[in-house]
Amino acid sequence: CTTSSTVNAVLEAGRELNRPIMIQFSEGGSAFFSGKALPNEKGVLQNSILGAVAGAHYVRSVAAAYGIPVFVHSDHCAKKLLPWFDGMLAADEAFFKAHGEPLFSSHMLDLSEEPDEENIAICKKYFE
């Protein structure tokens, strides 16, 4: 999702259908959520981190009012986007310390463009 309006539309659809929904944030959509005018340097991706974290907090703040299960997910994270991934994981850890659960329901690490050995090595680092 790229704005609170798109989040609300998905929540409203889930409520009307009485179905659980997933709100997904991509790296680019996350930067849009917090405002494309903010700096988002390659290798840092600070605005994408800010937007994803702000979006996840927004979803958590309003989801209960819709009366349906809501999952917050990050979209495909390629190797060049690992700073974004790391920022979201740091937010998950901080949220977990305060609330006993992670901020995001799930993340997608997608290293399919990398050679198998590198893919496995990077994944192993995150699983440890």
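For the structure itself, consult the block above.
Starting from 1, residues in each chain are numbered consecutively following that chain's sequence as written. This being a predicted model, a pLDDT of at least 70 is required before a residue's local features are given, and a value of 80 or more before pairs of side-chain atoms are given or counted; all residues contribute to the totals for chains, interfaces and linings. Side-chain metrics in this entry use all non-hydrogen atoms of the structure; hydrogen atoms and water are not considered.

Undergrad: Describe in detail the overall build of the chain, supporting the description with residues and values.
TA: Secondary structure elements follow DSSP: runs of H or I of four or more residues count as helices, runs of E of two or more count as strands, with numbering from the N terminus. Helix and strand counts for the chain come out as five helices and three strands. Listing the helices and strands of the chain from first to last along the sequence gives α-β-α-α-β-α-β-α. What the globule rule says is 2.2 Å times the number of residues to the power 0.38, and the radius of gyration is computed from C-alpha atoms. Over its C-alpha trace the chain gives a radius of gyration of 15 Å, about what one expects of a compact globule, namely 14 Å for 128 residues. Taken along its principal axes, the extent of the C-alpha atoms in the chain is 45 × 35 × 30 Å. Contacts are assigned to residue pairs with any non-hydrogen atoms lying within 4.5 Å of each other. By sequence separation, contacts in the chain at least 24 residues apart represent 62% of the contacts at least 6 residues apart. Taken as a whole, the chain presents about 7,300 Å² of accessible surface, with 57% of it coming from carbon and sulfur. Only the protein chains shown count as cover for residues, and the accessible areas themselves come from Shrake-Rupley with a 1.4 Å probe.

Undergrad: Residue-level account of the pairing of strand S2 (residues 70-77), with values.
TA: Most of S2 is tucked away, with six of its eight residues classed as buried. The path from the first strand over the helix to the second decides the hand: if it runs clockwise while the strands point away from the viewer, the crossover is right-handed. Crossover S2 to strand S3 (residues 106-109) through helix H4 (residues 82-99) is right-handed. Residue exposure (1.4 Å probe, protein chains only): buried if accessible area is under 20% of the type maximum, exposed if over 50%, otherwise partly exposed.

Undergrad: Got a sec to walk through the sheet that holds strand S1 (residues 21-25)? Specific residues and values, please.
TA: Strand order in the open sheet formed by three strands is S1-S2-S3, with parallel pairing between adjacent strands. The open sheet has two edge strands, S1 and S3, and neither has a second partner. Averaged over neighbouring strand pairs, the angle between their axes works out to 25 degrees when direction is ignored. Interaxial angle, 0 to 180 degrees, is taken between N-to-C directions of lines fitted to C-alpha atoms, where a helix line uses only the stretch in contact. Taken strand by strand, helix H1 (residues 4-17) contacts S1 and S2, and its axis lies near 165 degrees from that of S1. Think of it this way: DSSP has to see at least two bridges between two strands before they count as a pair.

Undergrad: So what's going on with H1? Residues and values would help.
TA: Here a helix's expected span is defined as the number of its residues, less one, multiplied by 1.5 Å. If you check H1, its first and last C-alpha atoms are 20 Å apart, about what 14 residues at 1.5 Å a residue would give, namely 20 Å. Where H1 is concerned, the buried positions are Val7, Asn8, Leu11 and Gly14. Each buried residue of H1 lies within a common arc of 125 degrees when the element is viewed along its axis, so the set occupies one face. Among the exposed residues of H1, those pointing more than 90 degrees away from its buried face are Ser5, Glu16 and Leu17. Looking at the buried side of H1, the elements it contacts are S1, helix H2 (27-34), helix H3 (46-63) and S2. Relevant arc is that of directions from the helix axis to the C-beta atoms, nothing else.

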